[in-house]
Amino acid sequence: MEQHAEVLTGGTWRQPVPGWRDLVATLLVLGVVILIGIGTHQMVAPFAVEHQPAISLSPAALPLYTLRTVLRMLAAMSASLFFTFTYATLAAKSRRAEMVLIPILDVLQSVPILGYLSFTVAFFVALFPGNVMGPELAAIFAIFTSQAWNMAFSFYQSLRTIPTDLDEASRSFRESGWQRFWRLEVPFAMPGLVWNMMMSMSGGWFFVVASEAIAVGDLQIALPGVGSYVAKAIAQRDLAAVGWAISAMTVAILLCDQLVFRPMVTWADKFRFEQTAAQIIPRSWVLDLFRRSGLIAAVSGPLGAAIRHGARARFSILPGRTATGLLPRGVGDALWLGLASGALAYVGWAIVRHAGSALTWDDLRTATGNGALTLARVAVLVALASLIWVPIGVAVGLRPKLTARVQPVSQFLAAFPANLLFPVAVFLIVRFRLSPGIWLCPLMILGTQWYILFNVIAGASAFPSDFREVAASFRVRPWRWWREVMLPGVFPYFVTGAITASGGAWNASIVAESVSWGSTRLTAGGLGAYIARMTEAGDYPRIALGVAVMSVLVIALNRLLWRPLYAYAERRTRLD
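In this report, the structure presented in the accompanying data block is examined. (Residues numbered from 1 in each chain as written. Predicted model: local features only at pLDDT ≥ 70, side-chain atom pairs only at ≥ 80, totals over all residues. Heavy atoms only, no water.)

Some thoughts on the packing of helix 8 (residues 177-206) against helix 11 (residues 239-268)
Right, so step 1: Their axes nearest at 10 Å, the elements helix 8 and helix 11 cross at an angle of 170°. With respect to helix 11, the axis of helix 8 lies roughly antiparallel. Contacts between helix 8 and helix 11 pair Met-190, Pro-191, Val-194, Met-197, Met-198, Met-201 and Trp-205 from the former with Met-249, Ala-252, Ile-253, Cys-256, Phe-261, Met-264, Val-265, Trp-267 and Ala-268 from the latter.
Right, so step 2: When grouped by side-chain class, the residues that make up the contact of helix 8 with helix 11 number 16 nonpolar, no polar and no charged. (Axes fitted to C-alpha atoms, helices over the stretch in contact; angles between N-to-C directions. Helix = DSSP H or I, 4+ residues; strand = E, 2+ residues; numbered from the N terminus. Parallel < 35°, antiparallel > 145°, perpendicular 65-115°, else oblique. Contact = heavy atoms within 4.5 Å. Nonpolar A, V, L, I, M, F, W, Y, C, P; charged D, E, K, R; others polar.)

A closer look at the nonpolar core
Right, so step 1: Within the largest apolar cluster, 149 residues are counted, with the highest numbers of intra-cluster contacts made by Phe-83, Phe-155, Trp-205, Leu-440, Ile-452 and Phe-494.
Right, so step 2: Counting residues per element, this core draws most heavily on helix 22 (residues 478-512), at 17 residues.
Right, so step 3: Summarising the domain contributions, this core has at least three residues from each of domain 1 (52-312) and domain 2 (355-572).
Right, so step 4: Excluding its chain neighbours within four sequence positions, the residues that come into contact with Leu-440 are Ala-425, Ile-429, Ala-512, Glu-513, Val-515, Leu-522, Thr-523 and Ala-524. (Core = buried A, V, L, I, M, F, W, Y, C linked by side-chain atoms within 4.5 Å. Buried < 20%, exposed > 50% of the residue type's maximum accessible area, 1.4 Å probe, protein only. Domains from an automatic or database assignment.)

What about the packing of aromatic side chains?
The description of an aromatic ring pair uses the distance of the two centres, along with the angle that the planes make with each other.
Right, so step 1: All told, the structure shown has 18 aromatic pairs when counted by the stated rule.
Right, so step 2: Centroid distance Phe-83 to Phe-144: 5.8 Å. Interplanar angle 90°. Geometry classified as edge-to-face. Here Phe-83, found in helix 2 (residues 62-93), pairs with Phe-144, found in helix 5 (residues 133-145); they are 61 residues apart in sequence, far enough to count as distant. Neither residue differs from the other here; Phe-83 and Phe-144 are each classed as buried.
Right, so step 3: A ring pair is formed by Phe-491 and Tyr-568, whose centres lie 5.9 Å apart and whose planes are at 90°; its orientation type is edge-to-face. Note that Phe-491 is positioned in helix 22 and Tyr-568 in helix 24 (residues 540-572), a separation of 77 residues in sequence. (Phe/Tyr/Trp six-rings, centres within 6.5 Å; stacked < 30°, edge-to-face > 60°.)

Structural notes on helix 3 (residues 95-110)
Right, so step 1: In a regular helix each residue adds 1.5 Å, so 16 residues correspond to 22 Å; helix 3 covers 23 Å between its end C-alpha atoms and thus fits that length.
Right, so step 2: Between the side-chain oxygen at the start of helix 3 and the backbone nitrogen of Ala-97 there is a gap of 3.2 Å, and the oxygen is on Ser-94. (Expected span 1.5 Å × (residues − 1). Polar contact = N/O pair within 3.5 Å; in protein donor to acceptor, adjacent residues only side chain to side chain.)

Some words on a nonpolar patch on the surface
Right, so step 1: Side chains of Val-424, Phe-427, Leu-428, Phe-432, Leu-434, Ile-438 and Trp-439 sit close together on the surface and give an oily, nonpolar patch of about 700 Å² of accessible area.
Right, so step 2: When residues of the nonpolar patch are traced back to their parent elements, those giving at least two are helix 17 (422-431) and helix 18 (436-439).
Right, so step 3: Structurally, the position occupied by Ile-438 is in helix 18. (Patch = residues over 30% accessible without salt bridge, like charges linked within 9 Å, V, L, I, M, F, W, Y side chains within 5 Å. Areas by Shrake-Rupley, 256 points an atom, 1.4 Å probe, with all protein chains shown as cover. Salt bridge = Lys/Arg side-chain N within 4 Å of Asp/Glu carboxyl O.)

Have a look at this one:
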């Protein structure tokens, strides 16, 4: 009766007819489905390494190349989301699993994308012989390694900082682990996770050249996509082609923002943890269009009902965080650590046995010296990025209208591959006879600063409005407001961003410490340049050595600096 009030006044009820919103929404859905079908059809074609299709630098080829690149990135994003919900949840809920999984995640984050490609591309190619699906999976896996770790750290941080009163309320309703996961933990983590998904998507764009233009020793594979297009344009010193690639990337990033991430940001805003209504609510024209389309609502209604029914089922496969077991705590921990240490020792022994005969102590000293140089660069860049982007991220995150304007711009800047700046960097360094060891470092910032910015924006966006109103009512002075209100509020998000920023800087060193433009090649030294050089030569023992040194340095930095800060954030800055 509430929906058909005209009957009470003597009016005649008429069956609603599809309007322009239904037409536009249907065309939009059909267009996306058709594009996905075209792109996926290209990913199962016959393939031979000896007879690969040539990459065309014609602008007419860019639409299809861009479509295939976007599909690879969305496939990697789906895999990253599944990895996040499983791996990060297990690490957050099981103390003994956390003792192993988080250090492993540190190692995975520290391995550069070239390290993954060097040892996995042959496996994927052999998995689907004679079919392009093998190289496609290798590229998707490489993009996955640039996305998954950031999302997993964000979700893990959110699960560890759920306010105690919300957790107690969930347990008082006797919700099962499955219900608590979908009705409390995922919604609480969603605002930060969405922003980190955007950051991860940008990270995929940053490494798209290395993912699609695969060069490991004698194995050369160029998959049709924007990355391989850029790689060929750089090799041929074609500035016009570089400009066309930038235009295609701009269009793709803006479309992804409007069709995917802006609706997700708007939808996730309802999960913000606060006790007063937000003053400004983010909007998305795509989400409004689908919400007001009766045809889309009728089609998606059964699916939504099924999803809600599944989330409310009383499964018990997701327990709460616990340390209990069949054995006493001390004995169980000792046994668990013994097993993990034994497995790690075996892996280390296997690596030394296979690579030790080809390496010398001079190789170790060379790799360690290069690692120390890159470590110094990473530390300076992370510190500078923090000083610059934390205040800017807070200012943007507290203003939803400004966030909506800054989001697509920051996404594009974060996604901008450093390879496209090689012509400018090489020209300026050669023209003014500058030191590559210093002036190539700004290229590493492209893989560093945006992690901090996006996470701080996410933290400021999720900061409860009632806390801000209390601070304003007590007239807290600016310096004290920063020290006692805002910085503690965004500190867990900043630590997550700083951890991933550090890993991003290490990865960016692969492309930033050794650059080329045509036949001109500049190197800044460092561990990134060392790994890139060994990958190009196909020297697998020294690739493994460089990756191992980078992993040790990153883990040491995480254990000595970031993890204590993480524990401090969890202990002192919870929104309880």
